[in-house]
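Now for the letters of each chain:
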Amino acid sequence: MHRSNSEAYNNFTVQDGGSFSFTRTGTDSDYGLSFEGALTVGNGGTFIIKSTSSRAALYLNASAASASFVEPAFVQLYNASGPIMGFSSSGRPLSISADTVNMWQGRATDTDSINNMPTAIWNKADTATPVTISLSYTSGGAPTGIVNSDLGTLDPVIEGVAANMNMNSARQITMGKFTLNGPIKTSGASGNTEPNADMYMAYGSPSTRVTGVADGAGAYLLEPPGGGTIALNEEVIVLSHKGMLKARNRKLAELDPTRTVRFEQVPSIMSFGTVNIGAVEQTIPRVDPAWSIQIYDGRGAGSAWRVQAAITGPLSSGSDTLPNALVYMNGGIVTPFSATEQLIYNGVTAGNHSTPGAYTDISWPPTDGPMLIVGPGQGMVGQTYQTTLVWTLYDAP
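**Describing the sheet that holds strand E33 (residues 333-336)**
The strand order across the open sheet built from four strands is E27-E36-E32-E33, with neighbouring strands paired in antiparallel fashion. Two strands lie at the open edges of the sheet, namely strand E27 (282-284) and E33, each paired on one side alone. Looking at each pair of strands side by side, their axes are set apart by 35° on average, direction ignored. Bridge count between strand E32 (residues 326-330) and E33: four bridges; the pairing is antiparallel. Bridge pairing links Met329 to Val334 in E33.

**Observations regarding the pairing of strand E9 (residues 66-70)**
Where strand E6 (residues 38-41) meets E9, four bridges bridge the pair, whose relative direction is parallel. Along E9, the bridge assignment pairs Val41 with Phe69. Two elements, E9 and strand E12 (residues 92-98), share four bridges in a ladder whose sense is parallel. Bridge pairing links Val70 to Ser97 in E12.

**Points about the side chain of His241**
Mapping His241 onto the fold places it in strand E24 (residues 235-242). Among the polar contacts listed, one links the side chain of His241 to the side chain of Asp112, at a separation of 2.8 Å. When residues no more than four places from it in sequence are discounted, the contact partners of His241 are Asp112, Ser113, Ile114, Phe178, Ala197, Asp198 and Lys246.

**Focus on unusual backbone geometry**
In this chain, Ser205 is followed by Pro206 through a cis amide linkage whose omega measures 0°. By secondary structure assignment, the location of Pro206 is in the loop between strand E21 (198-203) and strand E22 (208-213). Backbone geometry places Met244, a non-glycine residue, at a positive phi of 70°. Here Met244 lies in the loop between E24 and strand E25 (245-252). Of the residues examined, Met244 reaches a relative accessible area of 7% and is grouped as buried.

**Thoughts on the pairing of strand E7 (residues 46-51)**
In terms of burial, E7 is a largely internal element, five of the six residues being buried. Two strands pair when backbone bridges link them, and strand E4 (residues 19-24) and E7 are joined in this way by six bridges, in the parallel orientation. Across the sheet, Arg24 pairs through a bridge with Ser51, a residue of E7. Where E7 and strand E10 (residues 74-79) come together, six bridges link them in parallel fashion. Among the inter-strand pairings, Thr46 is bridged to a residue of E10, identified as Phe74.

**Describing the pattern of salt bridges**
For the coordinates displayed, the defined rule picks out six salt bridges. A salt bridge links Asp110 to Lys50; the shortest N-O distance between them is 3.3 Å. With Asp110 in the loop between strand E13 (100-105) and strand E14 (120-123) and Lys50 in strand E7, this pair connects stretches of sequence that are 60 residues apart. Using a relative accessible area of 29% as the deciding quantity, one classes Asp110 as partly exposed. Residue class for Lys50 comes out partly exposed when judged on its relative accessible area of 27%. A salt bridge links Asp99 to Lys124, with the shortest nitrogen-to-oxygen separation between them at 3.6 Å. With a gap of 25 residues between them, Asp99 in the loop between E12 and E13 and Lys124 in the loop between E14 and strand E15 (131-137) connect regions that are remote in the sequence. Asp99 gets classed as buried once you look at its relative accessible area, which sits at 11%. Relative accessible area serves as the criterion here: at 21%, Lys124 is assigned to the partly exposed category.

Reading guide: rules and limits
- Residues numbered from 1 in each chain as written.
- Predicted model: local features only at pLDDT ≥ 70, side-chain atom pairs only at ≥ 80, totals over all residues.
- Heavy atoms only, no water.
- Pairing = 2+ DSSP bridges.
- Helix = DSSP H or I, 4+ residues; strand = E, 2+ residues; numbered from the N terminus.
- Axes fitted to C-alpha atoms, helices over the stretch in contact; angles between N-to-C directions.
- Polar contact = N/O pair within 3.5 Å; in protein donor to acceptor, adjacent residues only side chain to side chain.
- Contact = heavy atoms within 4.5 Å.
- Buried < 20%, exposed > 50% of the residue type's maximum accessible area, 1.4 Å probe, protein only.
- Salt bridge = Lys/Arg side-chain N within 4 Å of Asp/Glu carboxyl O.

Have a look at this one:
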């Protein structure tokens, strides 16, 4: 639809699923569309006004005039040279209920690009109801107050206060149906958005920015570069863009257990078998020479960690003890285990998560590692000696 002169409409409704588009060309002082009654865009409706006039693209021209957008598919009000909305008198109401609302204050272009950033983006939370905004305006386009506002919990980065909703200084507002959900973890962001939407994830200082595109079903995955991780509780922003609509997810990164360093396997028992009491010192090896510990590190290749160990007490049968009998041997150096931790292994992860290099096996040759040294005459016949060996893994060298 093309018009060269302004007219005033009474009640005007875009039915559910309907579509209306209007372009106002020229630089004269005519309004784009003027309404004396209620303008209503229903569920799934599309309503587009574009203007190059110095006067409002959409004008509410009577005391009974109002505008209501109820979960539309897409709404765009754009004016390259003037306000997007004007009001003949104070108290004209505007009601919005939409998945996302984008507003450009002071400057705007209708370029459909992820880099065409609005001044404010308000969008619903993962499973929340749509954003709802109810305002009334002065004749100059300034909000007189927000009657009711639920701007969602994922944003706003910009608050939905009156100063940020001024229609006289705004040059564009878009709103419509839009999905953006999913967790943000130390491994990155994943979830669902609009099919084939352009996306980015930004975090850190200086900022790291990762770009991507959702697949045809709307699924997306944004991961830190180089198989790295995001710091726990780091603020992360995920933005999705499609067709002049943007939604933004701002959260603190939660722990992803697949991107941590952890004990993957520690056998519950280390046995040294039966020892004969003798007149000389005896060094007793482990019954299982292949006894080993496995570490998983999903933080990425080159990540450092260490394992330390201590015992809760000396080997004891309940009626007898073997002090300093449980030792750690390393290349001929013998260190008894005690209540104080000692270093067992310094590790550097060889590969990224989900690769064999994320796993490290700690084992020893038969003459190294945890061993038992029993002195002359130590021990009692028929007794079983035991203690608890505590392994501790640290995520730093």
